[in-house]
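# Fold and contact review
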Amino acid sequence: MNAMVKSEGVHKSFGPVEVLKGIDLEVKTGEVFCLIGPSGSGKSTFLRCINHLEKINAGRLYVDGELVGYRQKGDKLYELKDSEVALKRRDIGMVFQRFNLFPHMTAAENVIEAPVQVKGVSKAQAWERARELLDRVGLADKAGSYPSQLSGGQQQRVAIARALAMDPKLMLFDEPTSALDPELVGDVLDVMRDLAESGMTMVVVTHEMGFAREVGDSLVFMDGGVVVESGNPRDVLTDPQHERTKAFLSKVL
Amino acid sequence: MTDKFDKEPADADPSAGAVVSKDSGNVPPEAIKAIPVRHYGRWVSAVVVLALVGLLVNAFATAEKIQWSAVGDTVFDSTVLAGAGRTLLISVLAMLMGVILGVVLAVMRLSKNPVTSWVAWAYIWLFRGTPVYVQLLIWFNLALIFPTLNLGPIYKDEMVDVMTPFMAALLGLGLNEAAYMAEICRAGLMAVDEGQTEASHALGMSHAKTLRRIVIPQAMRVIVPPTGNEFINMLKTSSLVYVVTYNELLRATSTIGSTSYAVMELLFVACIWYLVMTSVFSVFQFYLERRYARGSLRQLPATPWQKVKANMLSLSNWRR
């Protein structure tokens, strides 16, 4: 299988603070790739680098074989124009910790916005697809509700439907259940599990170790801007090799 | 769609009530019958205030020098009505100019390009830092320093022909307003959560589309209320264009006033029309704000008509 995401020595600094200190990893097509680690370890930043919401300072990052944010000609790198970056982002869905639904639009309008505005899909077609997607995340009856009228779990499921409406080949999840009340987490994880079973390539930053163990194909433990340990989630979570991994897992499990 | 939105939260209430009554069992608790606190201070202050208002009204009503008939005779005078119309026209056009230019300036000010950002800053500094009265005079007298307006091959004319009282009024008010609107728009754009821009970009939307479809509609909620205030201010500030001889409401009424020896009476007439215009607009603003509150409030504020209906309903309940 070829790599959907390939990271070679990725560095990222915010001013003087180095957040990523050389990340090497590979996400295979069709797998569920979980990133865990303490807060401030750089896992969310790395996720945001994948769709170029953050610019990397050093190293190379590839999505589906293409360089993220740059074009290489010979040994020179050319920055991509905003429109070219936008074009690549179409294929990468992203789900945020704080949902970031558009509050002035109903659930259905949130879902049809990008297909209509970016891809030029006809409204009728987009509506039909939105109904399908909202049904898939179990919210067919909430199409006309505004985000403020939905619970956190429902908002996050709409956000997933919104990302799926662009038919992405890769889905990024940035702590999708961290802002939810405990009893609402299950619904969102069910939708994600369903999505994983359909063969979607997913990179998931999460604190849900149960989800990582059951659904994940690979797992990476990050700390201090480096990959500390990686492997099969069941192996890493039950028998961590590294001291830092053991310390972290003893706190969260 | 709005009607549906109004009703939805009400659905939650009955179930909450049902839970309470279940807990308290079948015996309803005895209602409290207590003697209410008497607020004597409120009665005293109400009487004092009413007395003062009464004295003031009486002073105006019985003043021998005020010819109230002159007010009644001229309030619908065609010259006055035309003046009021021009006040409305110049206010709307200047406001329109202010809003459009203000949005452009706000976007320039927030741009990453230091030159556009600096130019916008300088514009705001200049136009907000000098009195609009002085600016009006400068536009009106522009012909003193630039006798001809020469835009190369596109346009060339005598400045006195171009800078009519209307043009001086429009430029003076509109360009000044743009500086204030720029700051209002900037505050509105900055009030939108960064996550919104990120989510939009992550969906592959361009900067322009993100601004137009996602950021500006949300910024409107912050922008509309102060913009309404600006327009009400504009309706009144437009009286300053008196000085550039544009024949708006104040100029129309004072011309009649000075020729018919009813100066104060005609100023009252002007006040009546200013009040009518600002009041009508206030109602319009209420509905505009309600429109842009969509999605951010769970329950929209009731319209006056809905309030009347609700009051009548509670009155009939009380009778029962």
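Residues numbered from 1 in each chain as written. Chains lettered and ligands numbered in written order. Predicted model: local features only at pLDDT ≥ 70, side-chain atom pairs only at ≥ 80, totals over all residues. Heavy atoms only, no water.

## Brief notes about the packing of aromatic side chains
Evaluation of the coordinates by the stated rule reveals 10 aromatic pairs over all chains. A centroid spacing of 6.2 Å and a plane angle of 10 degrees characterise the contact between Trp121(B) and Trp125(B), whose relative ring orientation is stacked. With Trp121(B) and Trp125(B) both in helix α6 (residues 114-129) and 4 residues apart, the pair spans about one turn of that helix. Within the aromatic cluster, the residues linked to one another by ring pairs are Phe60(B), Trp68(B) and Phe268(B). Of note, Lys73(A) hangs over the ring of Tyr78(A), and the distance from its end group to the ring centre comes to 5.9 Å. Sitting above the plane of the Phe102(A) ring, Arg162(A) keeps its charged end 4.5 Å from the centroid. (Phe/Tyr/Trp six-rings, centres within 6.5 Å; stacked < 30°, edge-to-face > 60°. Helix = DSSP H or I, 4+ residues; strand = E, 2+ residues; numbered from the N terminus. Lys NZ or Arg CZ within 6 Å of the ring centre and 35° of its normal.)

## Focus: the packing of helix α10 (residues 194-202) of chain B against helix α11 (residues 207-237) of chain B
Residues and elements named next belong to chain B. Contact pair α10 / α11: the axes reach a minimum separation of 10 Å and the direction vectors enclose 145 degrees. Of the two possible hands of crossing, α10 and α11 adopt the one that is right-handed. In this structure, α10 uses Gln-196, Thr-197, Ser-200 and His-201 to contact α11, whose residues at the interface are His-207, Thr-210, Ile-214, Val-215 and Gln-218. Across the contact of α10 with α11, the residue classes tally to 2 nonpolar, 7 polar and no charged. (Axes fitted to C-alpha atoms, helices over the stretch in contact; angles between N-to-C directions. Left-handed = near helix turned anticlockwise from the far one by under 90°. Contact = heavy atoms within 4.5 Å. Nonpolar A, V, L, I, M, F, W, Y, C, P; charged D, E, K, R; others polar.)

## Side note on the pattern of salt bridges
Residue and element names in this part refer to chain B. One pass over the full model with this rule turns up 21 salt bridges over all chains. Here Arg-186 makes a salt bridge to Glu-183, at a shortest N to O gap of 3.3 Å. Residue Arg-186 and its partner Glu-183 are both found in helix α9 (residues 165-191); the two are separated by 3 residues, about one turn of the helix. The exposure classification of Arg-186 matches that of Glu-183, with both residues buried. (Salt bridge = Lys/Arg side-chain N within 4 Å of Asp/Glu carboxyl O. Buried < 20%, exposed > 50% of the residue type's maximum accessible area, 1.4 Å probe, protein only.)

## Let's talk about the UniProt feature "domain: ABC transporter" (unreviewed entry) in chain A
Mapped onto this structure's residue numbering, the UniProt feature "domain: ABC transporter" (unreviewed entry) falls at residues 5-249 of chain A. The distance from the first to the last C-alpha atom of residues 5-249 of chain A is 26 Å, and the span holds 38% helix and 28% strand. (UniProt positions renumbered as here; feature names shortened; annotations may be inferred.)

## Let's talk about a nonpolar patch on the surface
On the surface, Val115(B), Trp118(B), Val119(B), Trp121(B), Trp125(B) and Leu126(B) cluster together into a nonpolar patch covering about 690 Å² of accessible area. On the basis of relative accessibility, which here comes to 39%, the residue Trp121(B) falls in the partly exposed class. (Patch = residues over 30% accessible without salt bridge, like charges linked within 9 Å, V, L, I, M, F, W, Y side chains within 5 Å. Areas by Shrake-Rupley, 256 points an atom, 1.4 Å probe, with all protein chains shown as cover.)

## Considering the sheet that holds strand β5 (residues 66-67) of chain A
Whenever strands of a sheet pair, they do so through backbone hydrogen bonds, lying parallel or antiparallel. Residues and elements named next belong to chain A. Taken in spatial order, the 4 strands make up an open sheet running β2-β1-β4-β5, and their pairing is antiparallel. Either end of the sheet is taken by a strand with one partner, and the two such strands are β2 (17-28) and β5. Examined bridge by bridge, strand β1 (residues 3-14) and β2 share 9 bridges and lie antiparallel to one another. What sits directly across from Ser-13, in β2, is Glu-18. (Pairing = 2+ DSSP bridges.)

## Concerning helix α5 (residues 78-110) of chain B
All names here are of chain B. Between its first and last C-alpha, α5 extends 47 Å over 33 residues, near the 48 Å set by a 1.5 Å rise per residue. What α5 keeps buried is the set Val-80, Gly-83, Ala-84, Thr-87, Ile-90, Ser-91, Ala-94, Met-95, Gly-98, Gly-102, Leu-105 and Ala-106. Capping the start of α5 is the job of one residue whose side-chain oxygen sits 2.8 Å from the backbone nitrogen of Thr-79: Asp-77. (Expected span 1.5 Å × (residues − 1). Polar contact = N/O pair within 3.5 Å; in protein donor to acceptor, adjacent residues only side chain to side chain.)

## A look at the interface of chain B and chain A
Where interface size is quoted, it is often the accessible area lost as the parts come together. Counting residues at the interface gives 26 residues for chain B and 28 residues for chain A. Summing the contributions of chain B and of chain A, the shared interface buries around 2400 Å²; its carbon and sulfur component is 54%. Of all residues in chain B, the largest losses of buried area upon contact with chain A belong to Glu198(B), Ala202(B) and Leu203(B), amounting jointly to 25% of the total for that side. Inspection of the region where chain B meets chain A yields 2 salt bridges. With a shortest N-O distance of 2.6 Å, Arg48(A) and Glu198(B) are connected by a salt bridge. Mapped onto the side of chain B that touches chain A, the elements with two or more residues apiece are α1 (2-7), α10 and α11 of chain B. (Buried area = accessible area lost by both parts, 1.4 Å probe.)

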